[in-house]
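Below, each chain spelled out in residue letters.
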Amino acid sequence: AARSTPLGLFGIDEMLDDEERDIQVTVREFVREHLRPNIGDYFESATLPREIAREFGRLGVLGMHLDGYGCAGTNAVSYGLACLELEAADSGFRSFVSVQGSLSMFSIHRYGSEEQKNEWLPRLASGEAIGCFGLTEPDFGSNPAGMRTRARRDGTDWILTGTKMWITNGGLADIATVWAQTDDGVRGFLVPRGTPGFETRDIAKKLSLRASITSELILDDVRLPASAQLPQANSLSAPLSCLNEARFGIVFGALGAARDSLETAIEYASTREVFDRSLASYQLTQAKLADMTLELGKGMLLALRLGRLKDAGQLRPEQISLGKLNSVREAIGIARECRTILGASGITLEYSPLRHATNLESVLTYEGTSEMHQLSIGKALTGIGAFR
Ligand code: TGC
Ligand code: FAD
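Residues numbered from 1 in each chain as written. Chains lettered and ligands numbered in written order. Predicted model: local features only at pLDDT ≥ 70, side-chain atom pairs only at ≥ 80, totals over all residues. Heavy atoms only, no water.

Enquirer: Describe the environment of Ala 269, with residues and values.
Expert: Structurally, Ala 269 is set in helix α7 (residues 237–271). Given a relative accessible area of 0%, Ala 269 falls into the buried group. For the pair formed by Ala 269 and Ile 320, sequence separation is 51 residues and the distance between their alpha carbons is 35 Å. The residues touching Ala 269, leaving out its near neighbours within four places in the chain, are Ser 278, Leu 279, Ala 280, Thr 285 and Ile 341. (Helix = DSSP H or I, 4+ residues; strand = E, 2+ residues; numbered from the N terminus. Buried < 20%, exposed > 50% of the residue type's maximum accessible area, 1.4 Å probe, protein only. Contact = heavy atoms within 4.5 Å.)

Structure follows, in structure tokens:
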């Protein structure tokens, strides 16, 4: 009998306009040609070659939803779909693009001076330069308000001291957006690689997001000119507003990992014979596939609704929390369930579901843990903040 794809059952393509579909197909093709052939090796050797930045730049996905300064200026749904296709290959690729476009570039685009924008955005958009975003510290992840990194004035200069932890692309970055406490509240600073007192150390032995560089940033009396400060960022709400952008990409992105896992499991079940029949012909298998398809499609409908709200300028942070919580929670469940369908074959890098599932452990934690998003939704429902 004729077969449908999981998202085909929901008629998702029909909800996209021509430009959105074109962008999605372009990124999917790029992923097939340039990323999929090497992902097993990157993951096993825990590397992400620097040259990938330029390939992403040529593809046009770095800061693609920003306007001007060499950025493509697409709508939010297109950015989401690009994240979905990248994460269908590996969460590490989507992470790279999220951090570069939504955290590093967005922080400069939204809060930077004209000089900072001209200096960094075109190079970051082309992938010639790499950026990172340092908010989390060893003792302050979910609660960045407690950060200990300090910036103090010395004449017109700033002196930064502190440590940032778990920073994606830290070891690759030419420019770090670093958030620090000052006498007047949280402020953001652009710290170029090579500034005396600024060092990075990559984190080894990761079991998750291995095709991504995660680093510590060490700032030991780093002297910066006044022009290094992001002039429009005046409080903690500045870095939190950057997180909205990256979280939005994850709402779509995580569903890419789920879709890839499900397609892999369907393909495997169709060719694998158990007890003399195709694994796909058993009711237990079909029940699993049906339930996972339902969650994937529901997640996609929510993602598109949030995307349309974002394009209309109406998306609120607690709505992004709904999407981030749902997409990542369902995606990790789907990836694990798909792995069961693959049996022993599912435990090597030959098949994607377990790689996706281990990656999604990071995605569940970063950009606000599931618990933080539950609390944000709880606050919207009750009016009572239960964070502290
Ligand atoms: P709270 O008092 O609620 O807020 C402080 C100020 O910020 C404003 N605000 C927001 N503004 C924009 N967008 C949001 N989502 C915002 N959330 C809060 C708020 O209105 C207030 O403004 P003002 O003007 O009144 O000062 O702050 P709180 O200290 O109680 O914390 C709230 C909480 C827990 C939600 C927040 O701290 C939080 O989101 N924690 C999670 C931290 C997090 O997500 N870190 C992520 C680090 S980056 C990362 O993980 C990158 S991984 C990337 C990859 O590889 O893909
Ligand atoms: P904690 O905050 O210590 O939380 C531990 C547990 O306690 C969690 O389950 C949490 O939900 C729970 N918890 C915390 N507070 C409460 C509460 N009030 N009520 C109930 N439960 C609570 N950060 C950056 O700034 N930039 C990056 O580029 C970046 N990249 C990352 C890449 C990877 C691979 C990873 C794993 C992390 C990255 N992070 C980055 C850090 C990430 O944002 C933090 O790990 C995350 O915010 C959680 O902080 P934490 O790890 O300190 O956990």
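Text resumes after the structure shown.
Enquirer: Which residues make up helix α10 (residues 353–365), and what values go with them?
Expert: In a regular helix each residue adds 1.5 Å, so 13 residues correspond to 18 Å; α10 covers 19 Å between its end C-alpha atoms and thus fits that length. Turning to α10, its buried residues are Pro 353, Arg 355, His 356, Ala 357, Asn 359, Leu 360, Ser 362 and Val 363. Those residues of α10 that are buried are in contact with α2 (39–45), α4 (76–89), α5 (91–111), α7 and α9 (317–341). Phi turns positive, to about 60°, at Glu 367, one or two residues after α10. (Expected span 1.5 Å × (residues − 1).)

Enquirer: Tell me about the packing of aromatic side chains, and please be specific about residues and values.
Expert: Within the structure shown, the criterion is met by 8 aromatic pairs. Considering the side-chain rings of Tyr 42 and Phe 93, the 6.2 Å spacing of their centres and the 80° angle between planes classify their relative orientation as edge-to-face. Of this pair, Tyr 42 sits in helix α2 while Phe 93 sits in helix α5, and the two are 51 residues apart along the sequence. A relative accessible area of 13% means that Tyr 42 is categorised as buried. Judged by relative accessible area, Phe 93 falls into the buried class, the value being 0%. When the centroid spacing of 6.5 Å and the interplanar angle of 75° are considered together, the rings of Phe 56 and Phe 93 count as edge-to-face. Taken together, the positions of Phe 56 in helix α3 (residues 52–59) and Phe 93 in helix α5 put the pair 37 residues apart, joining distant regions of the chain. Here Phe 56 falls in the buried class, since its relative accessible area comes to 0%. It is Arg 277 that lies over the ring of Tyr 282; its NZ or CZ is 4.2 Å from the centre. (Phe/Tyr/Trp six-rings, centres within 6.5 Å; stacked < 30°, edge-to-face > 60°. Lys NZ or Arg CZ within 6 Å of the ring centre and 35° of its normal.)

Enquirer: Which residues make up the site of ligand 2, and what values go with them?
Expert: Inspection of the region around ligand 2 gives 18 residues, with Thr 136, Ser 142, Trp 166, Thr 369 and Glu 371 positioned closest. Note that a nitrogen atom of ligand 2 is positioned 2.8 Å from one of the side-chain N or O atoms of Thr 168. Phe 387 is positioned such that a nitrogen or oxygen atom in its backbone is 2.9 Å from a nitrogen atom of ligand 2. In isolation ligand 2 has 980 Å² of accessible area, and contact with the protein removes 67% of it. (Near = heavy atom within 4 Å. Polar contact = N/O pair within 3.5 Å; in protein donor to acceptor, adjacent residues only side chain to side chain. Areas by Shrake-Rupley, 256 points an atom, 1.4 Å probe, with all protein chains shown as cover.)

Enquirer: Could you give me a rundown of the site of ligand 1, with the residues and numbers involved?
Expert: Looking at ligand 1, there are 24 residues lining it, with Ser 142, Asn 244, Arg 247, Gly 368 and Arg 388 nearest. Between an oxygen atom of ligand 1 and a side-chain N or O atom of Arg 247, the distance comes to 2.7 Å. Interatomic distance of 2.8 Å between a backbone N/O atom of Gly 368 and an oxygen atom of ligand 1. For ligand 1, whose free accessible area comes to 1,100 Å², the fraction covered by protein is 72%. Of the residues forming the shell around ligand 1, the biggest block, 6 residues, is contributed by α7. For the shell around ligand 1, the per-class residue count stands at 10 nonpolar, 10 polar and 4 charged. (Nonpolar A, V, L, I, M, F, W, Y, C, P; charged D, E, K, R; others polar.)

Enquirer: Please provide a residue-by-residue account of helix α11 (residues 370–382), values included.
Expert: For α11, which comprises 13 residues, the first-to-last C-alpha distance of 18 Å matches the rise-based estimate of 18 Å (1.5 Å per residue) to within 8%. Among all positions of α11, only Ser 370, His 373, Ser 376 and Ile 377 are buried. Projection of α11 onto a plane perpendicular to its axis shows the buried side chains occupying an angular sector of 125°, all on one side. Where α11 is buried, its residues meet α7, α9 and α10. The positive-phi residue at the C-terminal boundary of α11 is Gly 383, with phi of around 80°. (Arc of directions from axis to C-beta.)

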